[in-house]
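# Structure at a glance
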Amino acid sequence: DTAVSQTPKYLVTQMGNDKSIKCEQNLGHDTMYWYKQDSKKFLKIMFSYNNKELIINETVPNRFSPKSPDKAHLNLHINSLELGDSAVYFCASSQADRGNGYTFGSGTRLTVV
Amino acid sequence: AQTVTQSQPEMSVQEAETVTLSCTYDTSESDYYLFWYKQPPSRQMILVIRQEAYKQQNATENRFSVNFQKAAKSFSLKISDSQLGDAAMYFCALRGRFGAGTRLTVKP
């Protein structure tokens, strides 16, 4: 039983395409996150949702749009993909009022060609 | 907004020796949790240790311990008896925000 699952694990696509990455958690956590990890391993937070409400919206291009249909799901849609979007994208979840930390998915390696 | 700073891009330690990774942070909150995460080449993010800010006692998990200095907003990770399997990227985290990471190399 995977706690935080994201699909797909690998995604290769051409510039200009639109793609989505899905994330689901079965931990009952109330907060979910999207991170981008570039080639230098820097883990940059992009978005965070708490009970379906957007609480962190970092400076990212508006081509990136998160969607949270319910508190167990947080999807990431990317429009008009660019070469610089190539990275590993991690989904994570946590329970905001506990100190158990963040549970991460295994990551999606996105390659834009 | 909270910020997390790791000023050591790379560290190296001899097997069985001790190494300390540094982390400083900034927050206006008085109660919060701090975390250290490990990311081996498999890219999986693994929780190493956590510290609750209102607890003065430093957290310890086997060979891993922290030196938490709340007034100085410092949260360093000490790894004792380093093992080859400790080689990884290490990230400090606060409120969903992560530092830039420290790449730890363990020499046999």
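Residues numbered from 1 in each chain as written. Chains lettered and ligands numbered in written order. Predicted model: local features only at pLDDT ≥ 70, side-chain atom pairs only at ≥ 80, totals over all residues. Heavy atoms only, no water.

Right, let's get into the overall build of chain A. Helix and strand content of chain A: zero helices and eleven strands. The C-alpha radius of gyration computed for chain A amounts to 13 Å, which stays within 12% of the reference 13 Å derived for 113 residues, consistent with globular compactness. Projecting the C-alpha coordinates of chain A onto the three principal axes gives extents of approximately 40 × 25 × 25 Å. Within chain A, the fraction of its 113 residues that count as buried is 45%. Here the contacts in chain A between residues at least 6 apart in sequence split such that 54% fall between residues at least 24 apart. Accessible area for chain A stands at about 5600 Å²; split by element, carbon and sulfur atoms hold 47% of it. Counting 13 positive and 11 negative side-chain charges, chain A places the centres of these two groups 5 Å from one another. (Helix = DSSP H or I, 4+ residues; strand = E, 2+ residues; numbered from the N terminus. Rg over C-alpha atoms; globule rule 2.2 N^0.38 Å. Buried < 20%, exposed > 50% of the residue type's maximum accessible area, 1.4 Å probe, protein only. Contact = heavy atoms within 4.5 Å. Areas by Shrake-Rupley, 256 points an atom, 1.4 Å probe, with all protein chains shown as cover. Lys, Arg positive; Asp, Glu negative; His and termini not counted. Charge placed at Lys NZ, Arg CZ, Asp CG, Glu CD.)

Within this structure, the stated rule accounts for 18 aromatic pairs over all chains. Each ring, one from tyrosine 25 of chain B and one from tyrosine 32 of chain B, has its centre 5.5 Å from the other, and the planes form 70°; the classification is edge-to-face. The class of tyrosine 32 of chain B is buried, set by a relative accessible area of 2%. Every member of this aromatic cluster is reached through a ring pair, and the members are Tyr33, Tyr35, Phe90, Tyr102 and Phe104 of chain A together with Tyr33, Phe35, Tyr37, Phe91 and Phe98 of chain B. (Phe/Tyr/Trp six-rings, centres within 6.5 Å; stacked < 30°, edge-to-face > 60°.)

What follows concerns the nonpolar core. Grouped together as the largest cluster of nonpolar side chains are 25 residues, with contacts concentrated most on Trp36, Phe75, Leu77 and Tyr90 of chain B. Residue assignment for this core shows that the elements contributing at least two residues are β3 (19-21), β5 (33-39), β6 (46-52), β8 (64-69), β9 (74-79), β10 (88-94) and β12 (102-107) of chain B. Examining the composition of this core, we find that four residues originate from one element, β10 of chain B, more than from any other. If you look at the next biggest cluster of nonpolar residues, it comprises 20 residues, including Trp34, Val60, Leu74 and Leu81 of chain A. (Core = buried A, V, L, I, M, F, W, Y, C linked by side-chain atoms within 4.5 Å.)

A separate point is the pairing of β8 of chain B. Residues and elements named next belong to chain B. Bridge analysis of strand β7 (residues 60-61) against β8 gives two bridges, and the strand direction is antiparallel. If you follow threonine 60 over to β8, its bridge partner there is serine 65. The turn joining β7 and β8, which pair antiparallel and follow one another in sequence, is formed by two residues; a positive phi near 55° is taken by asparagine 62. As paired strands, β8 and β9 are joined by six bridges and run antiparallel to one another. Paired with phenylalanine 64 across the two strands is isoleucine 79, which belongs to β9. (Pairing = 2+ DSSP bridges.)

Quick look at the sheet that holds strand β8 (residues 73-78) of chain A now. Residue and element names in this part refer to chain A. In spatial order, the strands read β1-β3-β8-β7; together these four strands make up an open sheet with antiparallel pairing. If you trace the sheet from one side to the other, it starts and ends with β1 (4-7) and β7 (64-70), each paired once. Taking the axes of each pair of neighbouring strands and ignoring which way they run, one obtains an average angle of 15° across the sheet. Relative to β8, β7 is paired through five bridges, and the arrangement is antiparallel. Bridging across to β8, proline 66 finds its partner in leucine 76. (Axes fitted to C-alpha atoms, helices over the stretch in contact; angles between N-to-C directions.)

Attention now moves to the environment of glycine 99 of chain A. For glycine 99 of chain A, the position within the fold is in the loop between β9 (87-94) and β10 (103-104). Overall, glycine 99 of chain A belongs to the buried group, its relative accessible area being 6%. In contact with glycine 99 of chain A, not counting residues within four places along its chain, are Tyr33, Phe35 and Arg50 of chain B.

As a further point, take the state of the cysteines. Inspection of the entire model under this criterion finds two disulfides over all chains. Here cysteine 23 of chain A pairs with cysteine 91 of chain A through a disulfide, and the sulfurs are 1.8 Å apart. On the S-S bond that ties cysteine 23 of chain A to cysteine 91 of chain A, the torsion sits near -75°, and the link is left-handed. Separated by 68 residues along the polypeptide, cysteine 23 of chain A in strand β3 (residues 19-25) and cysteine 91 of chain A in strand β9 bring together distant segments of the chain. For the pair cysteine 23 of chain A and cysteine 91 of chain A, a shared accessibility class is recorded, and that class is buried. Across a sulfur-sulfur distance of 2.0 Å, cysteine 23 of chain B and cysteine 92 of chain B are joined as a disulfide pair. Looking along the S-S bond of the cysteine 23 of chain B-cysteine 92 of chain B disulfide, the torsion reads about -70°, which is the left-handed sense. Here cysteine 23 of chain B is found in the loop between β3 and β4 (24-26), whereas its partner cysteine 92 of chain B is found in strand β10, with 69 residues between them in sequence. This pair shows no difference in class: cysteine 23 of chain B is buried, exactly as cysteine 92 of chain B is. (Disulfide = S-S within 2.5 Å.)

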